[in-house]
Amino acid sequence: MSAKDTPVMRQHAEAKRAHPQRIVFFRLGDFYEMFGADAVYAAKALDLVLTSRNKGAPDEIPMCGVPHHAAHAHIARLLELGKSVALCEQLADPSKCKGIVPREVVRVISPGMTTDREHLDDGVNNWLMALELSATDIGLALMDISTGELSVARLENTTELLAEVCRAHPREILVGVEGQTARTAELESGVRLILPNVTQRQDDELDPSELAWGLPEDTPVELTVTERRAAARALRLARTCRPGKVIPVERIIRWDPRDSVVIDEIAQRHLELVDSANGDKQTTLLSVIDQTQTPLGARLLRRWVLSPLRDSGRIRRRLDRVELFVVQSRLRTDVREELKSVGDLERLATRAALHEATPRDLGGLRDGLRAAARVVEVLENVGVASEREALGFGEVSVDVVADLFAELERALVERPPAQPKDGAIFQSEYDAQLCECDELRRSGTERIIALESELKAGTGIASLKLRYTRVFGWYAEVPRGQVARVPADWRRKQTVATGERYTFARLDDLADRIQHAEERHRERELELLEQLVSLAGRASSRVKTIAAKLARWDVATSLAEVAHRFDYCRPEVDEDDILDIEEGRHPVVERLVAKGRFVPNSCTLSMSAERMWLLTGPNMAGKSTLLRQTALCAILAQMGAYVPARRMRIGVVDRILSRVGASDNLARGDSTFMVEMRETTKILRTATRRSLVILDEIGRGTSTFDGLAIAWAVGEYLDAVVGCRVLFATHYHELTELAARSDHIGNRSVSAQEVDGELVFLHRLVSGSVSHSYGVAVAKLAGLPERVLARARALLKSFEEGTPRGLEKSQTAGDAKRQLGLFEPKDPMLEQSRWIVEELRELRTDALTPLEALSLLDQWKKRLLSQ
Ligand code: ADP
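Each value, and the rule that gives it
Residues numbered from 1 in each chain as written. Predicted model: local features only at pLDDT ≥ 70, side-chain atom pairs only at ≥ 80, totals over all residues. Heavy atoms only, no water. Helix = DSSP H or I, 4+ residues; strand = E, 2+ residues; numbered from the N terminus. Polar contact = N/O pair within 3.5 Å; in protein donor to acceptor, adjacent residues only side chain to side chain. Contact = heavy atoms within 4.5 Å. Pairing = 2+ DSSP bridges. Axes fitted to C-alpha atoms, helices over the stretch in contact; angles between N-to-C directions. Parallel < 35°, antiparallel > 145°, perpendicular 65-115°, else oblique. Left-handed = near helix turned anticlockwise from the far one by under 90°. Nonpolar A, V, L, I, M, F, W, Y, C, P; charged D, E, K, R; others polar. Salt bridge = Lys/Arg side-chain N within 4 Å of Asp/Glu carboxyl O. Buried < 20%, exposed > 50% of the residue type's maximum accessible area, 1.4 Å probe, protein only. Near = heavy atom within 4 Å. Areas by Shrake-Rupley, 256 points an atom, 1.4 Å probe, with all protein chains shown as cover. Patch = residues over 30% accessible without salt bridge, like charges linked within 9 Å, V, L, I, M, F, W, Y side chains within 5 Å. Expected span 1.5 Å × (residues − 1). Arc of directions from axis to C-beta. 1 Å grid on protein atoms, 1.4 Å probe; cavity = no way out; pocket = protein on both sides within 12 Å on 5 of 7 lines; lining within 4 Å. Points joined across faces, edges and corners; volume = space filled by probe spheres on them.

Trainee: Explain the side chain of arginine 524 to me, and be specific about the residues and the numbers.
Mentor: Its location among the elements puts arginine 524 in helix H18 (residues 505-538). There is a polar contact of 2.6 Å between the side chain of arginine 524 and the side chain of aspartate 431. Beyond its immediate sequence surroundings of up to four residues, arginine 524 is in contact with Asp431, Gln433 and Leu434.

Trainee: Could you give an account of the sheet that holds strand E10 (residues 172-177), naming the residues involved and the relevant values?
Mentor: A sheet is described by the order of its strands in space; here 6 strands give the open sequence E11-E10-E7-E8-E9-E12, paired in mixed fashion. Single-partner strands in this sheet number two, and they are strand E11 (199-202) and strand E12 (253-254). Pairing analysis gives 6 bridges linking strand E7 (residues 128-133) to strand E8 (residues 138-144), with the strands arranged antiparallel. Along E8, the bridge assignment pairs alanine 130 with alanine 141.

Trainee: Tell me about the packing of helix H30 (residues 834-842) against helix H31 (residues 850-866), and please be specific about residues and values.
Mentor: When two helices pack together, you describe them by how their axes are tilted relative to each other and by the distance separating the axes. Running from N to C, H30 and H31 cross one another at 165°; their axes reach a closest spacing of 11 Å. Considering the angle they form, H30 stands roughly antiparallel to H31. Crossing of H30 over H31 shows right-handed handedness. Here H30 contributes Trp835, Ile836, Glu839 and Leu840 to the contact with H31, which in turn contributes Trp860, Arg863 and Leu864. Among the residues making up the contact of H30 with H31, the classes are represented as 5 nonpolar, no polar and 2 charged.

Trainee: An account of the pattern of salt bridges is requested, with residue identities and associated values reported.
Mentor: Tallied over the full model, the rule gives 63 salt bridges. Close ionic contact of arginine 299 with glutamate 346 constitutes a salt bridge, the shortest N to O distance being 2.8 Å. Placement of the pair is arginine 299 in helix H10 (residues 295-306) and glutamate 346 in helix H13 (residues 345-353), with a sequence separation of 47 residues. By the burial criterion, arginine 299 is buried, and glutamate 346 matches it. What you see here is one network of salt bridges that share partners, running through Glu132, Asp203, Arg229, Arg233 and Arg236.

Trainee: Now, about the side chain of threonine 459: what can you tell me, with residues and values included?
Mentor: Of note, threonine 459 is situated in helix H17 (residues 432-459). There is a polar contact of 3.1 Å between the side chain of threonine 459 and the backbone nitrogen of isoleucine 461. What threonine 459 contacts, discounting residues up to four positions off in sequence, is Leu464, Arg485 and Pro487.

Trainee: Tell me what's going on with the site of the ligand, and back it up with residues and numbers.
Mentor: Around the ligand, the structure places 15 residues, and the nearest of them are Val599, Met620, Lys623, Ser624 and Thr625. A distance of 2.8 Å separates an oxygen atom of the ligand from a polar atom in the backbone of lysine 623. Separating an oxygen atom of the ligand from a side-chain N or O atom of threonine 625 is a distance of 2.5 Å. When the free accessible area of the ligand is taken as 560 Å², the share hidden by the protein chains comes to 82%. Taken together, the elements giving at least two residues each to the shell around the ligand come down to helix H20 (589-593) and helix H21 (623-639). Considering each element in turn, the shell around the ligand owes the most residues, 3 residues, to H21. Partitioned by chemical class, the residues of the shell around the ligand number 8 nonpolar, 5 polar and 2 charged.

Trainee: A description of a nonpolar patch on the surface should follow, citing residues and the corresponding values.
Mentor: Among the surface-exposed residues, Val755, Val760 and Leu762 lie close enough to one another that they form a single nonpolar patch of about 190 Å² accessible area. Residue position: valine 755 is located in strand E26 (residues 745-755).

Trainee: Which residues make up helix H5 (residues 182-194), and what values go with them?
Mentor: With 13 residues, H5 extends 19 Å from end C-alpha to end C-alpha; this agrees with the ideal 18 Å at 1.5 Å per step. For H5, the complete set of buried residues consists of Arg183, Thr184, Leu187, Gly190, Val191 and Ile194. Take H5 and look down its axis: the buried residues cluster within an arc of 135°, on one side only. The outward face of H5, more than 90 degrees from its buried face, is lined by the exposed residues Ala182 and Ala185. Looking at the packing, one finds that the buried side of H5 touches E7, E8, helix H4 (158-168), E10, E11 and helix H8 (265-270).

Trainee: Mind laying out unusual backbone geometry, listing which residues take part and the relevant values?
Mentor: Phi at alanine 424 takes a positive value of approximately 55°, unusual for a residue other than glycine. You can see alanine 424 is positioned in the loop between helix H16 (402-411) and H17. With a phi close to 55°, histidine 763 is a non-glycine residue in the positive phi region. Summarising the element assignment, histidine 763 is placed in strand E27 (residues 758-767).

Trainee: Can you tell me about empty space enclosed by the protein, naming the residues and giving the values?
Mentor: Evaluated as defined, the whole model comprises 2 cavities of 30 Å³ or more. Approximately 60 Å³ is the volume attributed to the largest cavity. Taken together, Leu440, Ser443, Gly444, Arg447, Leu510, Arg513 and Ile514 make up the lining of the largest cavity. For the lining of the largest cavity, the secondary-structure elements that each account for two or more residues are H17 and H18. With 4 residues, the top contributor of residues to the lining of the largest cavity is H17. Of the residues that constitute the lining of the largest cavity, the class distribution is 3 nonpolar, 2 polar and 2 charged. In this structure, the second largest cavity encloses a volume near 30 Å³.

The structure is reproduced here in structure tokens:
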């Protein structure tokens, strides 16, 4: 028989046929084996030894394996690599089964479809994204099987979709296409840029039966066709992954991306909301405001950071809740203390609904519900009606799922084991049968002790011992020297170094009874466990309701705690057209970089008045920091959080668009300039009057000429055509000229001073522009060799004098000015002497006597020298 043609390998081939894209983990005894291409891949990816079945034969099959108890870690690694795994299990106990053991794929684990704790991150939802691309719109479904959430939305175009991809960070994307494919390619490359490692898969066609989901009635009927199809794809994958199991999704939520502030993919990255450019999670906005006590709160806070609201009413309601906890610090402390023991009620409830809850999970559920009830008790003491409402205590009291808690409390031991087979799950008083088995076990043990004494006396073997091992069961052990005293009807079982082991009828009988009691006990525990898991599963949606409330309280108390500790203020949020931040700070920089010496700055932009600020100032002065802190304050305010400022008022923004630095894109192989222009295009295309736009250094990736011209045109366009609030940091001092041409544009600069040749950054924002860029001084700070610095100083001087010796062939800033003809000279010397030009212009030489002329000349000279 060939290696491939054994019954076992035929079973494997069948599993592989059903799951060609997945790595089949094929259970053989205590191992999961992989064969063929799967084995070759896995051996490399998981660093396993590659062997083969039927070694040496012409049809040998590559093979590798992992012990079943260590499978989790290996699967986790494969999921990280974007692979999915099909678990092909033995469906019967091999020792009790004649012939070949039946095997079947009982579960598929894919990156977006996992519920195992080892594969999940506590504070992050594990989203599967399913898409339906049609000629006119896009249906988007997001499903987290570990929490039982499924929500859908309709999107207009790929840009909107990419913003959602960036926001949700799905672990896996299923793409379904009706007819047209142009969009698929655009989408695929867009996603690849945002999430290089995510699994993107073309999904098979849907057949009509798959569109009927079998979900409860409260699925919203007004779903669009594409939304419906996207949801169907997500659910179909869930069914494939868990054949024959319940899918723990109770309802579909429809959401409108237009309810949230659009933070495009570029801004999300630049602002380092939840991920930082260098991968350090400690330097993100989320990390500095996350004081949540539960994974529920952590996940919700993350979502809020990524989707601030546009509706000022909703925002104010969130702020009311935070304010309550800021003001009532005792309440905050108490609630936070109780929240510590809540744990991940949402995922625990989902695991119960999936029938995957372990005894330990049930213990976690019990402890969580106990803590939840305490949190509610603390909060219910809040007496003021408006405050109660802000907390979500309406007419009906909050269901703390007391019935389930009582049952779990009565049933479980204090610390239930990780696995059902470990036993000792229940308190024996919980169940009469269990109690009886326990009694039998106990009395059996007592009888053994009694029997031992009796035997010792009867045989005269004082060192006789009755013992138990898992393999041999009960036996009597007699030291070698005493063997002669052993009664004749005892049977010898085993010889060991210390003596001989025997058994005999009375002991066997007693052992049987004990074992029987053990078995009955175990069986009964499993039965009860099953019942308890079902009970918890049935209550799961109620548990999730309280979990959702706890998550909100957790977020609110966390934001209040941050506000209290770091001196944040409540922003005023309205529909006006103002963004006014008094003494704002950068939430991350003030805590991690400039501890205790952060210089606050104010910023006021108004759509109808001064709506664009052109920011100048030397490198390192703090321009980017100011830009980012303004955007971060806007995000915090609109997610309903306090802000790091003395005072803030914001007329809601609808999107935050940014273009800040391009260094992180270089790795992607595009030229800096190309990336920059693409990002700028996106901003100009999508910005509305309500948007907040943040631009840093537009046009730096090309020649001075082009760059300046582009920056100028972009500034003009944003002011004249879009009319939104803009912060524009630039190195082109010529650009500040724009302010003179529009009432809506103002100049600000971040100051620095040169003290004894050393540059001192004041980080203070002042009116007007600066003409001096201190570039050479910054280069000195960075440690450029003195020789290079000296040469740079000399060149700078000659540039400023307009005689770039030795550089005649290249273009200079001076050329740019002459050619564009738009700018006044900005040499500080000339600036200072402008009065003389004015006076000359005004002077009527024909009315001047030679003596007056001479005296005027003398005055001017003195004045010039005194400057
Ligand atoms: P620019 O964009 O002008 O080159 P950055 O905004 O990158 O400058 O700021 C450079 C560094 O200066 C920051 O990393 C931070 O450490 C510090 N800094 C910026 N703004 C402030 C401030 N307001 N107070 C204190 N330190 C600041």
